[in-house]
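Here are the chains, one letter per residue:
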Amino acid sequence: GLFVRGGDATETKTIIDGMEVANPYFSSVPDVPQRGRFSPFQFKGTYFSTGGYSAQYGQAMSSTLILESQDLPVRTTTDIGLMTVGGGVGHTQRFKNSSLGFYANYTTLGPYFALVKQNRDWDSPPNSPSGSVFYRQKVGKTGMLKAFASYSYSTLSMFTPNFNDSTGISRNKFNLNNNNIFSNISYKNIIYDDWTLFAAVAYSNNLDHINIGNPAYFANPYDLLTHLKNSNELMQGRLVLSHGIGKLSTIRFGGEMHSSQNMLDGSVDYFGAPAVDYQIFTRDSKELFMAGFIESDVYLSKKLVARLGGRVEHTDALNKTNVAPRASVAYSLNKTSQISAAYGDFYQTPDKSFIHDMTYIPGNQSLDFEKATHYIVNFQHIDDKRTLRIEAYYKQYDHLIQTLPLMHTNGKGYAQGAEIFYRDKKTIKNSDFWVSYSYLDTKRQYLNFPVEMIPGFAATHTFVTVYKRWIPKVNISAGFTYVYASGRMYYDIDQSGAIRSSGITKEFHNLSLTFSHLMTIKQHFTVIAAGITNVLGIQNVFTYHFSDDGRFKYPVGPTSDRSFFIGIFMSIGEDKGTD
């Protein structure tokens, strides 16, 4: 997931054509990072907000990733891709005022893992067939109807260490089968006298079958085998109206409704236990969420513009309502520079499992919305292929979920820092490079943290530099990326909330190389791409696992010391002369 300015992965939401994606990444696997489900080539626009985002969206305390899908394609095309991790094929048929397309992909990591040594003990490497269908229809002179549906199925199994066994002999088996569906339909059109209507509906369903444990590897007769069936279903609708005021100003307002259900069915086999051999548990959480918003972009002068708005949200899961004001203002210093400031309140409902578990805690108070308040100031200069951006921020957290000693939403925290970004496409001919630096100071008291502490996902200092070089005579692009991050905190917290030990990991370094070659094969546009990460083979450590009694500590690092990628992508179009 995306960890933004001291916020954990649950605090960032992904939006496609105005609709929330409940499961934008493949299902979680112990100590294995998961990639996104959607190809970036499906989208024409990407807007990633690091804070202070529009009142049109909510349920994200830190950030939103807003994606807008492609409109009507220019022509009929067929795309083919072959990669070290699988392959895919897609076809888009362009009609006069509409288009219909499909994309099929198969990812299999078995052959790749056979070539590249892995730091995880795989029993069956990940395999995932997937497919998507999309339809575009132009409506009148200004309207566009979009429909999209995708399905993916993935399987994997691996052995994970038993952290209570210092010999490393005892292992548990983790097996996962996942089914995921996402679909949405959106319509946008100018309906009357410069009024624009946007309407959309979406449906998604994610189902995980998980088995944990393997009796053949148990160290004692009282270990267990856990079976989990976890599903989440989301139906949503959205309606937005916007209207131009004068030459530049705009007002927009609308609302959305979400109906979700999260179900967990599980069973535990206790092998050799004298009293209980089998236990069944279930969880069924439902939520009806409604929200409305109003927002206006107002040009106070030629150089000064303000965005003022607010949002009201209600959820029956908490039986609570919140009101979230949002405001930002930007002043143009000259043709190339501007300064801006933003403020806003951002809420989200606690994880559905926490809401459900409250029913089993007698006498405990009800939960509330988690909240973050953002304060941001920004300076930006864009001039002749150069960009400089400097931003400082402060984020105050309130009502964070806590699980010890009893579950409640009295947690708190803060995140503050500054970021510098510089990009230059002019200084070095045929080159593009950028550097960024981020300083983060954050602490929070949430989950099982007994006091305000630095979370394990936060690095105080992060530095990234990217360089790309284009060689036009041979149509080759080559470059590198270097990432540095200061060490991250780790903790061993027992079941009572006491901190048994803590520390900081060593600094993170990663140098990666990329290469691509543009060419034509029988007049079909083709790209050969290659990359290798962690060229220097540095043994990075992300965090540590601890045994139940705290005596043993195990480092968690990357899934492989180095990784590489090779792919060939070909686009076959009817009008070959313009490829």
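As shown above, the structure is provided for reference.
To start, this report covers the structure provided alongside it. All of these numbers come straight from a predicted model, not from anything done at the bench.

Quick look at the pairing of strand β29 (residues 553-556) now. Each regular strand displays side chains that alternate between the two surfaces of the sheet. Note: strand β28 (residues 543-546) against β29, four bridges, orientation antiparallel. By the bridge assignment for β29, tyrosine 544 is matched with proline 555. Joining the antiparallel neighbours β28 and β29 is a turn of six residues, in which glycine 550 adopts a positive phi near 80°.

Attention shifts here to the sheet that holds strand β3 (residues 43-49). Adjacent strands of a sheet pair through backbone hydrogen bonds, lying either parallel or antiparallel. With mixed pairing, the four strands of this open sheet are ordered in space as β2-β1-β4-β3. Strands at the two margins of the open sheet, each flanked by one partner only, are β2 (19-21) and β3. Taking each pair of neighbouring strands and ignoring which way they run, the sheet shows an average axis angle of 25°.

Pairing of strand β24 (residues 489-493) with strand β25 (residues 499-504) involves five bridges; the strand directions are antiparallel. Across the sheet, residue isoleucine 493 finds its bridge partner in β25, namely isoleucine 499. Joining the antiparallel neighbours β24 and β25 is a turn of five residues, in which glycine 497 adopts a positive phi near 95°.

Applying the stated criterion across every chain, the model contains 20 aromatic pairs. Members of the aromatic cluster, joined through ring pairs, are Tyr112, Phe113, Trp122 and Phe564. When the ring centre of tyrosine 397 is taken as origin, the NZ or CZ atom of arginine 444, which lies over that ring, is 4.5 Å away.

Let us look at the environment of isoleucine 471. Along the chain, isoleucine 471 falls in strand β22 (residues 461-471). Given a relative accessible area of 37%, isoleucine 471 falls into the partly exposed group. Sequence spacing of isoleucine 471 and lysine 429 is 42 residues, and the spatial spacing of their C-alpha atoms is 9.9 Å.

What follows concerns the side chain of aspartate 345. Within the secondary structure, aspartate 345 sits in strand β17 (residues 337-348). With relative accessibility at 7%, the residue aspartate 345 sits in the buried group. A polar contact is formed between the side chain of aspartate 345 and the side chain of threonine 373, at a distance of 2.9 Å. When residues no more than four places from it in sequence are discounted, the contact partners of aspartate 345 are Ala324, Pro325, Arg326, Lys371, Ala372 and Thr373.

The next thing to look at is the nonpolar core. In this structure, Tyr397, Phe449 and Tyr491 are the most contacted members of the largest nonpolar core, which totals 17 residues. At the level of elements, β18 (370-382), β19 (386-402) and β24 are the ones that each hand at least two residues to this core. If sequence neighbours within four positions are ignored, tyrosine 491 has contacts with Phe449, Met453, Ile454, Ser501, Ser502 and Phe546. Membership of the second largest hydrophobic core comes to 13 residues, among which are Leu109, Phe113, Leu176 and Ile210.

This part takes up the environment of histidine 399. When you line up the elements, histidine 399 lands in strand β19. C-alpha of histidine 399 to C-alpha of tyrosine 446: the two residues are 47 residues apart in sequence and 8.9 Å apart in space. Beyond its immediate chain neighbours, meaning those up to four positions away, histidine 399 contacts Asp368, Phe369, Glu370, Thr409 and Gly411. Within the local environment of histidine 399, its side chain forms a polar contact with the backbone oxygen of threonine 409, the two atoms lying 3.3 Å apart.

Let us now look at the side chain of serine 431. Within the secondary structure layout, serine 431 lies in strand β21 (residues 431-445). Looking at serine 431, its side chain comes within polar contact range of the side chain of tyrosine 467, at 2.8 Å. Within the local environment of serine 431, its side chain forms a polar contact with the side chain of arginine 469, the two groups lying 3.2 Å apart. Those residues in contact with serine 431 that lie beyond four places of it in its chain are Asp424, Lys425, Tyr467, Lys468 and Arg469.

Parameters and conventions
Residues numbered from 1 in each chain as written. Predicted model: local features only at pLDDT ≥ 70, side-chain atom pairs only at ≥ 80, totals over all residues. Heavy atoms only, no water. Pairing = 2+ DSSP bridges. Helix = DSSP H or I, 4+ residues; strand = E, 2+ residues; numbered from the N terminus. Axes fitted to C-alpha atoms, helices over the stretch in contact; angles between N-to-C directions. Phe/Tyr/Trp six-rings, centres within 6.5 Å; stacked < 30°, edge-to-face > 60°. Lys NZ or Arg CZ within 6 Å of the ring centre and 35° of its normal. Buried < 20%, exposed > 50% of the residue type's maximum accessible area, 1.4 Å probe, protein only. Polar contact = N/O pair within 3.5 Å; in protein donor to acceptor, adjacent residues only side chain to side chain. Contact = heavy atoms within 4.5 Å. Core = buried A, V, L, I, M, F, W, Y, C linked by side-chain atoms within 4.5 Å.

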